[in-house]
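As a plain string of letters, each chain reads:
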Amino acid sequence: MTKSPIAFISGASRGIGAAIALRLADSGYDLWLNYHSAHDAAQALKDKIEEKGQGCLLLPFDVADEQAVSAALEPLLADEVPFAFIHNAGITRDTLLPLMRRAEWDTVLEVHLTGFFLLARLLSKFMVSKRKGRIIAISSVSGETGQAGQVNYSAAKAGLIGASKALARELARRNILVNVVSPGLIDTEMIKDVPLDKVLPMVPLNRVGTVEEVAGVVNFLLSPDAGYMTGQVIGVNGGLYI
Ligand code: NAP
């Protein structure tokens, strides 16, 4: 029996990351799932993935902690190399810039950008040795247009787009494709404080998106059908940014 390919997802205990995990399990991937602290949610997700007949390894660590990243992944990578890495871990610390504390700037940049740097650096080294792989960064419409109250988050998400485009150029000759998925308003915990009555009129489709609608695009980008796509930013935003 051929072994299932592995997908490693950061920030996969809930929301978009969990939906990506379930979608990829349906496509026959085994999952390595990172998250920070939501152990019960992660365990419930692992159970669902195993019920689908796929393997699932839980890897709780802070993506911005270099030592934790190495300690969790290096022993695994000595044996097996994921085909796919999806950097989905994310947080918001929204406030207007004059009120933003240094810690609110640092922590958002660290989770999104430093997390991508640490994980993509390590995983791509091993993918290069296999001469195949796919890397996807989950950005945001805020990183494409800028969003008031989110100078930190918009900077981090725009940074992910630049980093992914540069990495796409570095890795293309090694048969590793790097793309960005950029969601708009998606129905998760992250948007629980967003005033939808004010925001939805700006969305041409006039609704929030579902986590499954993001997961489907990630699944496509990992498929053979997306074999000629690299360095691209794919919006999943209901037309919020066109
Ligand atoms: P969510 O429901 O808040 O889930 C965030 C995930 O990231 C959780 O699994 C969380 O783990 C994990 N995480 C947070 N900090 C971490 C850290 N330091 N190390 C490891 N894992 C960490 O968020 P979501 O809405 O699904 O968002 C997923 C991604 O999509 C994020 O990058 C977000 O910026 C992006 N996005 C979301 C929307 C939206 O409307 N929801 C729109 C555009 C972009 P724990 O559960 O253990 O804390």
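Refer to the structure above for everything that follows.
Residues numbered from 1 in each chain as written. Predicted model: local features only at pLDDT ≥ 70, side-chain atom pairs only at ≥ 80, totals over all residues. Heavy atoms only, no water.

Caption draft 1: Inspection of the overall build of the protein at higher detail. Along the protein, the regular secondary structure elements total eight helices and seven strands. The globule rule puts the C-alpha radius of gyration for 242 residues at 18 Å, and the 17 Å found for the protein is close to it. Expressed as lengths along the three principal axes of its C-alpha atoms, the size of the protein is roughly 55 × 40 × 35 Å. Scored against the burial criterion, the 242 residues of the protein give a buried share of 49%. (Helix = DSSP H or I, 4+ residues; strand = E, 2+ residues; numbered from the N terminus. Rg over C-alpha atoms; globule rule 2.2 N^0.38 Å. Buried < 20%, exposed > 50% of the residue type's maximum accessible area, 1.4 Å probe, protein only.)

Caption draft 2: Fine view of helix α3 (residues 66-77). Over its 12 residues, α3 runs 16 Å from end to end, which matches the ideal 16 Å to within 8%, given 1.5 Å per residue. All buried positions along α3 are accounted for by A68, V69, A72, L73 and L77. Each buried residue of α3 sits inside an arc of 130° when the element is viewed along its axis, so together they form one side. For α3, exposure combined with an orientation more than 90 degrees from the buried face picks out Q67, A71 and P75. Elements in contact with the buried residues of α3: β1 (6-10), β2 (30-35), β3 (56-60) and α4 (102-130). Sitting at the head of α3, D65 places a side-chain oxygen 3.1 Å from the backbone nitrogen of Q67. (Expected span 1.5 Å × (residues − 1). Arc of directions from axis to C-beta. Contact = heavy atoms within 4.5 Å. Polar contact = N/O pair within 3.5 Å; in protein donor to acceptor, adjacent residues only side chain to side chain.)

Caption draft 3: Layout of the site of the ligand. The local shell around the ligand holds 32 residues, among which S13, R14, S37, Y153 and T188 are the closest. One of the side-chain N or O atoms of R14 is found 2.7 Å from an oxygen atom in the ligand. Note that a nitrogen atom of the ligand is positioned 3.1 Å from one of the backbone N or O atoms of V63. Going through the elements one at a time, α1 (15-26), β2, α4 and α6 (151-171) are the ones with two or more residues in the shell around the ligand. Residue classes in the shell around the ligand are distributed as 16 nonpolar, 13 polar and three charged. (Near = heavy atom within 4 Å. Nonpolar A, V, L, I, M, F, W, Y, C, P; charged D, E, K, R; others polar.)

Caption draft 4: Quick look at the packing of aromatic side chains. What the rule picks out here adds up to two aromatic pairs. Taken together, a centroid distance of 5.7 Å and an interplanar angle of 25° make the contact between F8 and F85 stacked. Of this pair, F8 sits in strand β1 while F85 sits in strand β4 (residues 84-87); the two residues are 77 residues apart in sequence, bridging distant segments of the chain. Using a relative accessible area of 0% as the deciding quantity, one classes F8 as buried. The exposure class assigned to F85 is buried, which follows from its relative accessible area of 0%. Taking the centre distance of 6.4 Å and the plane angle of 20° together, the rings of F85 and F116 count as stacked. (Phe/Tyr/Trp six-rings, centres within 6.5 Å; stacked < 30°, edge-to-face > 60°.)

Caption draft 5: Structural detail: the nonpolar core. Core analysis: the biggest nonpolar cluster contains 33 residues, and F8, F61, L73, F85, F116, L119 and I135 have the highest contact counts within it. When residues of this core are traced back to their parent elements, those giving at least two are β1, α3, α4, β5 (133-138), α6 and β6 (176-183). Considering every element that reaches this core, the biggest residue donor is α4, with nine residues. For L119, the residues in contact, after removing those within four places along its chain, are F8, S10, F61, V63, V69, L73, F85 and H87. Judged by nonpolar contacts, the second largest core, of 32 residues, contains A18, A21, V181 and L222. (Core = buried A, V, L, I, M, F, W, Y, C linked by side-chain atoms within 4.5 Å.)

Caption draft 6: Spotlight on the pairing of β4. Alternating residues of β4 divide into A84 and I86 and F85 and H87, and every residue in both groups is buried. Relative to β4, β1 is paired through four bridges, and the arrangement is parallel. The residue of β4 that forms the bridge with F8 is F85. Bridge count for β4 against β5 is four bridges, and the pairing is parallel. Paired with F85 across the strands is I135, a residue of β5. Note that the unit made of β4, α4 and β5 has a crossover that is right-handed. (Pairing = 2+ DSSP bridges. Right-handed = clockwise from strand over helix to strand, strands pointing away.)

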